[in-house]
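Structural overview for review
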There are 2 protein chains.
Amino acid sequence: MERIEHHASFGGWQEVYQHQSKQLNCTVNFAVYLPPHLKGEKLPVLYWLSGLTCNEQNFITKAAAQKYAAEHQIILVAPDTSPRGEDVANDAAYDLGQGAGFYVDATQQPWADHFRMYSYLTEELPALINSHFPVNGKQSIAGHSMGGHGALIIGLRNPAQYQSISAFAPIVAPTQVPWGQKAFQTYLGADQNTWRNYDAVTLIQQTSQQLPILIDQGQDDPFLEEQLKPQLLQQAAQIQNYPLILNLRSGYDHSYYFIASFIEDHIRFHAQYLK
Amino acid sequence: MERIEHHASFGGWQEVYQHQSKQLNCTVNFAVYLPPHLKGEKLPVLYWLSGLTCNEQNFITKAAAQKYAAEHQIILVAPDTSPRGEDVANDAAYDLGQGAGFYVDATQQPWADHFRMYSYLTEELPALINSHFPVNGKQSIAGHSMGGHGALIIGLRNPAQYQSISAFAPIVAPTQVPWGQKAFQTYLGADQNTWRNYDAVTLIQQTSQQLPILIDQGQDDPFLEEQLKPQLLQQAAQIQNYPLILNLRSGYDHSYYFIASFIEDHIRFHAQYLK
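Summarised in this report is the structure supplied together with it.

Definitions and cut-offs
Residues numbered from 1 in each chain as written. Chains lettered and ligands numbered in written order. Predicted model: local features only at pLDDT ≥ 70, side-chain atom pairs only at ≥ 80, totals over all residues. Heavy atoms only, no water. Helix = DSSP H or I, 4+ residues; strand = E, 2+ residues; numbered from the N terminus. Rg over C-alpha atoms; globule rule 2.2 N^0.38 Å. Buried < 20%, exposed > 50% of the residue type's maximum accessible area, 1.4 Å probe, protein only. Contact = heavy atoms within 4.5 Å. Areas by Shrake-Rupley, 256 points an atom, 1.4 Å probe, with all protein chains shown as cover. Buried area = accessible area lost by both parts, 1.4 Å probe. Salt bridge = Lys/Arg side-chain N within 4 Å of Asp/Glu carboxyl O. Polar contact = N/O pair within 3.5 Å; in protein donor to acceptor, adjacent residues only side chain to side chain. Core = buried A, V, L, I, M, F, W, Y, C linked by side-chain atoms within 4.5 Å. Least-squares fit on C-alpha atoms with pLDDT ≥ 70 in both. Pairing = 2+ DSSP bridges. Axes fitted to C-alpha atoms, helices over the stretch in contact; angles between N-to-C directions. Phe/Tyr/Trp six-rings, centres within 6.5 Å; stacked < 30°, edge-to-face > 60°. Lys NZ or Arg CZ within 6 Å of the ring centre and 35° of its normal.

Regarding its fold elements, chain A presents 10 helices and 9 strands. Expected size for 275 residues packed as a compact globule is a radius of gyration near 19 Å; at 17 Å, chain A falls within 12% of this value. For chain A, the spread of C-alpha atoms along the three principal axes comes to 50 × 45 × 35 Å. Looking at chain A residue by residue over its 275 residues, the buried ones come to 64%. Counting contacts in chain A only where the partners sit at least 6 residues apart, residues at least 24 apart contribute 73% of the total. For chain A, the computed accessible surface area is about 10,200 Å², with 45% contributed by carbon and sulfur atoms.

Below, the structure written as C-alpha cells:
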C-alpha cells in the first residue's frame, strides 16, 4: 500500500492510496479522509461509493464532505468504482466496464477475473482500512447513483457490519431499469435469479435487520424516471415497515452540486448511528 | 450570452455562461453562482480569479464556496483565466498562453490580439454582469495563485470599484519571481517599467485608497519560496501602514483542499465590507 496523495484539509488529511488488490486482480486507488483527532483515538468510518464514470477523485474533490467529517470525527473512505488497467476488460460505453463495476462479483467472461467490487468492498478493503487506520469498528455506507445502489445492496446484505445507509439519487431497482439490466446481463449472465442478490428493492424485503436508510433525490434529475425510480424502494420499505427517509429535492439534478448541497445532512445522519 | 449550465446549489443556482468577448476577441465562459434571494432583491458580487491551468470550472466544482455565498447572499462570478480557441496564440508550457493569461493586457505579438484579461475583468465582464444579474453595485475580488495576483492588482489599481480583496497563495511580486518574469517578458516585452503596473508589491505603495486585504498561505505550499513570497507584500504593507491580514496555515499546500478549508473565512471577510 503506497500513499500517492496527502493534503491538509479542515485540520485533517485528505489522502489517496494505491494497492494491489487480490479480489480485483489489479492495482487500485482509494481515498481516505482522516479528520483531526488525538493520538490513539479510534474513529468510525463512512464508506462512499461513487457513480458511473467516477474514480476515487470525484467525491473528494467535489462533494465538500471533509468539513463535516472533521466536525463529526468520521473517517471517509472513497474507493474507485471498478478495476482498471490495460489488462482489465472494458467497453466503449460509459455504463459498462471500467468505471462501471456496478458493485457486483461478475461471473461471466471476460469480466469475472477482475470485476469483483462486491467482495472487494465487503472483505478486502475493510480489512485493509481496519489494519492501517485508527478505526473503532463502527462503519456506515453511502453513495451516489450507481454507488447509491452499491451502498444499499452492501448495507442490506450485511446489516451486522454497518450502522446506517444513505444514498443520493440511487439506482434502487437495477433488475427493472436499463442501466442495471445491461450491466447484470453482461456481468452476471442470463439467469435473473442471480441478479436479485444485487437489487435493493428485492433485498429490502429479505433483510434480517433494519439499518436506517436516508435517500435524497433531485426532482430535476434527468435519470429519475427511467433509471432511478426511488418510489419502488419507498413502496417496498413501507410494506416491510422499514425505516427509510426519502427526501425529494425540488430543482436539483444528478450532479455533485446536488450532493454538496445535502452532504452535511448525510454526514450528520450517519454520525448519530456511528457514535 | 448563452447559458450553458444550470444546477441547483444550496437553494440558489450555479450557472455557466458563454459569450463573445470584444476584449478577448474570442468566445469565453464564465460561471455565476446566484444565491437564493427574493424577486427584485439586489445583491453584491464577489469575483473569483483562478490560477494557472484553470478555467471557469475549478472554483465552482472544488472550492465549496456556494454554501457561504448562499448564507451571505453574495453573487459569485468566476471567469476563465485566459482567452481560448484554435485562433488564439498558445504555448506548450503550462505557465504561458491559454490558461495562463496573468491578468494583463498583452502588448507583444502574437499575444496582443487576445490576451487582454485586465481590460476584460475591469470593464467588459462587470458591465455584462451588471446588466444581466440582480446586482447592487458593491463588488469585491478574490483569487488563487496567479488569480490571487490578479485580484490584488485589479483591486489595488481600482479601489473605487471594489470593497475588499482576498487571495489564497497569491503571486504577490511577479516582477521578482520566475512565473511572473516569464509571463511579463512574453506578454509585455523587455521594458520593465510596464511590468510594475501589474505588480502588487509595487502597487500597494502607490494606491490612493486602502482596501482591506486578506491573504491565506499554506506553509507546505511547494511554490511558496520561489514563486509566491507573501512576506514581500506584508513588508510593503507594513511600511505603508496598509491593512493586510496574512494567515500562514501550517501543513496546507497549494491545492483546492486548502482553498475549501478556508473559503468560509474569505466569504465572511468580504461579506462584512459588501453589506
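It is worth spelling out the interface of chain B and chain A at this point. Of the residues lining the interface, 25 residues belong to chain B; the matching set on chain A comes to 25 residues. Area buried by chain B at its contact with chain A is led by Ala 8, Phe 10 and Tyr 257 of chain B, which between them contribute 34% of it. Taken together, the connections running from chain B to chain A amount to 2 salt bridges. In this assembly, chain B and chain A are joined by 10 residue pairs in polar contact (both at pLDDT 80 or more). Residue assignment for the side of chain B that touches chain A shows that the elements contributing at least two residues are β1 (2-9), β2 (12-21), α1 (57-62), α2 (66-72) and α9 (256-274) of chain B.

This part takes up the nonpolar core. Core analysis: the biggest nonpolar cluster contains 196 residues, and Tyr 187 of chain A together with Tyr 187 of chain B have the highest contact counts within it. Look past the residues within four positions of Tyr 187 of chain B in its chain and what remains in contact with it is Leu 96, Gly 97, Ala 100, Gly 101, Phe 102, Val 104, Ala 106, Thr 107, Gln 108, Trp 111 and Phe 115 of chain B.

What follows concerns the relation of the copies chain B and chain A. Superposing chain B onto chain A takes a rotation of 180° plus a shift of 0.0 Å along the axis, which leaves an RMSD of 0.0 Å. Interpreted geometrically, this transformation is the action of a two-fold axis. Relative to the rotation axis, the closest C-alpha in chain B is found at Lys 62 of chain B, a distance of 2.6 Å. With an isologous cut-off of 70% or more, the 100% of interface residues of chain B that recur at the interface of chain A puts this contact in the isologous class.

What follows covers the side chain of Thr 175 of chain B. Residues and elements named next belong to chain B. Here Thr 175 lies in the loop between β7 (165-168) and α5 (178-188). Given a relative accessible area of 18%, Thr 175 falls into the buried group. Other than its neighbours up to four places away in sequence, Thr 175 contacts Gln 181, Phe 184, Trp 195, Arg 196 and Asp 199.

It is worth spelling out the sheet that holds strand β8 (residues 213-218) of chain B at this point. All names here are of chain B. Spatial strand order, β1-β2-β3-β5-β4-β6-β7-β8-β9: 9 strands in an open sheet with mixed pairing. Edge positions in the sheet fall to β1 and β9 (244-249), since each has one partner strand and no second. Across the sheet, the mean angle from the axis of one strand to that of its neighbour is 20°, orientation sign disregarded. Strand direction decides the pairing type here: strand β4 (residues 43-49) and strand β6 (residues 135-144), joined by 6 bridges, are parallel. Residue pairing for β6: Leu 43 is matched across the bridge by Val 135. Against the sheet, helix α8 (residues 230-240) makes contact with β8 and β9, and its axis sits at roughly 150° relative to β9, the strand it touches most. Docked against the sheet, α9 engages β4, β5 (75-79), β6, β7, β8 and β9, running at close to 175° with respect to β7.

Given two aromatic rings, one states the distance between the centres and the angle between the planes to describe the pair. Following the criterion strictly, the structure yields 32 aromatic pairs over all chains and no others. Plain terms: the ring middles of Trp 48 of chain A and Phe 59 of chain A are 4.3 Å apart, the flat faces sit at 15° to each other, and that makes the pair stacked. Of the two residues, Trp 48 of chain A sits in strand β4 (residues 43-49) while Phe 59 of chain A sits in helix α1 (residues 57-62), which places them 11 residues apart along the sequence. On the basis of relative accessibility, which here comes to 1%, the residue Trp 48 of chain A falls in the buried class. Feature note: the residues Trp 48, Phe 59, Phe 168, Tyr 252, Phe 258 and Phe 262 of chain A constitute an aromatic cluster, connected by ring pairs. Against the face of Tyr 198 of chain B rests Arg 157 of chain B, its NZ or CZ located 5.0 Å from the ring centre.

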